[in-house]
Amino acid sequence: MKKSSRYCRYTLIFTAPLLIAGAVLGLSCLILSRAGETIDPITAAQMQQSADIRYSSGLFYRPRPYKIERAKLAKADVILLGSSRAMQFVKEPWKVPAINAGGTMRDMESGEIFVNAVLDTYRPKQIIITLDWWWLSTTRRPDNPADASPLTPLTLHELTQPAVWLWDGTLSPSEFGKLLFARDALSHDIGVPALFKDAGWDPFGHYDYGSALTSPSAGSDVDFKATLDDIARTSKRNDKAPWHPFSEPNWQRLEALVKQLQEHDVETILVLPPVAPQIYDWLTSQPEPNLVNEIRRRLATLPVLTFDFHDPHSIGTDGCEFVDGIHGGEVTYLRALNSIAADPSSHLEEAVDRAMIERLIAENAGRATLKRDGRVPEADFNGLGCQK
């Protein structure tokens, strides 16, 4: 009897932690499922084809497969292509079918992959590509294949994230409870950031930074110091540094991409987007050879319409309209679009509503985001002394 009792105690000692761990992981899986975190980027893109919902996973950042699928489904006349810097083009002024594929092209290779995937499906009338100078640095390396995968498996790391989010405040106890007991009362948005932070991609492909821009001096780049520190690093892996050599092979890949689009009768426009004034001043002050200056010199030699907006003053934007030092906000990109459309060679005069663009700029000047009903007001999130 004593031996049997001792055996039961030992069994309980070993199995109880396993049962507790299993229950915790099961609860985590339930939370992730109800938040939409188990929905892969391809499925999310397909869901947005028939529903006006926002998508942003708290577990995975997979813009390439997501945006490729959105472009193939939308079959828009105009594609806005680029890195995360292009994600602030908004839907409002477009009079023709258009889609924002910002976040897809992070280097020349990912741009080639996107263009090939789209051309295998249909032929858009026009592609506007925003260029990042670091794509043409000899130090630039392609994305990790895992970062471009459409697969989003739940490993132990992902299953522990709900507990991490509760610990660091990403998810409040109240929000955790709503996912468990009142999921039907929440929106149909996909992912924790979309559900609780008003952040994510809409079906057009524009990215909303949500609540990240609503607290004074709570942004990721106060005084643009983080951006300046990043591009000024002397590391050989810092591909944004202007002193790294210009890559002739990458430039040739850009020329080949332009030629490929032209051969498919896709009108192509290349844009060098602006940086915040403080970042522009620093980059301009760096001695030759200067990677950014070399790209600006070469841009106009390409056989397509090009726009050099690297200097923020060229389109009348300022630091208050930037999310961080290299990411202009919605108003900045409205200014860029207006300048492009003003050129008859762009053929955008009939594609966008310039009167609307100019009205939105006038109503939102000095802001990174447009004023929208029901949204918490934008704050001076980068601590620049901006009057919002």
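Residues numbered from 1 in each chain as written. Predicted model: local features only at pLDDT ≥ 70, side-chain atom pairs only at ≥ 80, totals over all residues. Heavy atoms only, no water.

> I'd like a description of the nonpolar core, backed by residues and values.
Ile 79, Leu 81, Phe 114, Ile 129, Leu 131, Trp 133 and Leu 283 are the most contacted members of the largest nonpolar core, which totals 47 residues. At 6 residues, helix α4 (residues 108-119) tops the list of elements feeding residues into this core. What Leu 81 contacts, discounting residues up to four positions off in sequence, is Ala 86, Ala 101, Thr 104, Met 105, Phe 114, Val 115, Ile 127, Ile 128, Ile 129 and Thr 130. By size, the runner-up hydrophobic cluster in this structure holds 28 residues, among which are Val 78, Trp 94, Ile 128 and Tyr 333. (Core = buried A, V, L, I, M, F, W, Y, C linked by side-chain atoms within 4.5 Å. Buried < 20%, exposed > 50% of the residue type's maximum accessible area, 1.4 Å probe, protein only. Helix = DSSP H or I, 4+ residues; strand = E, 2+ residues; numbered from the N terminus. Contact = heavy atoms within 4.5 Å.)

> Just give me the short version of empty space enclosed by the protein, but keep the residues and values in it.
Applying the stated criterion across every chain, the model contains 1 cavity of 30 Å³ or more. Within this model, the largest cavity holds a volume of roughly 30 Å³. The wall of the largest cavity is formed by Gly 319, Cys 320, Phe 322, Asp 380, Phe 381, Asn 382, Leu 384, Cys 386 and Lys 388. For the lining of the largest cavity, the class distribution of residues is 5 nonpolar, 2 polar and 2 charged. (1 Å grid on protein atoms, 1.4 Å probe; cavity = no way out; pocket = protein on both sides within 12 Å on 5 of 7 lines; lining within 4 Å. Points joined across faces, edges and corners; volume = space filled by probe spheres on them. Nonpolar A, V, L, I, M, F, W, Y, C, P; charged D, E, K, R; others polar.)

> Just give me the short version of the layout of surface pockets, but keep the residues and values in it.
In this approach a probe as big as a water molecule rolls over the atoms, and the regions it shows empty are the leftover space. In this structure, the largest pocket spans a volume of roughly 570 Å³. Lining the largest pocket are 25 residues, with Asp 52, Lys 91, Asp 202, Pro 203 and Phe 204 positioned closest to its centre. Elements with a minimum of two residues in the lining of the largest pocket: α3 (63-74) and β2 (98-102). In terms of residue class, the lining of the largest pocket is built from 11 nonpolar, 4 polar and 10 charged. Roughly 310 Å³ of internal volume is contained in the second largest pocket. Lining the second largest pocket are 15 residues, with Tyr 61, Ser 84, Arg 85, Arg 106 and His 327 positioned closest to its centre.

> Before we move on, can you summarise the pattern of salt bridges with the specific residues and values?
Following the criterion strictly, the structure yields 21 salt bridges and no others. For the salt bridge of Asp 77 with Lys 125, the shortest nitrogen-to-oxygen distance reads 3.8 Å. Of the two residues, Asp 77 sits in the loop between α3 and β1 (78-82) while Lys 125 sits in the loop between α4 and β3 (126-130), which places them 48 residues apart along the sequence. Using a relative accessible area of 21% as the deciding quantity, one classes Asp 77 as partly exposed. By sharing partners, the salt bridges in this structure join Glu 248, Glu 288, Glu 294, Arg 297 and Arg 298 into a single network. (Salt bridge = Lys/Arg side-chain N within 4 Å of Asp/Glu carboxyl O.)

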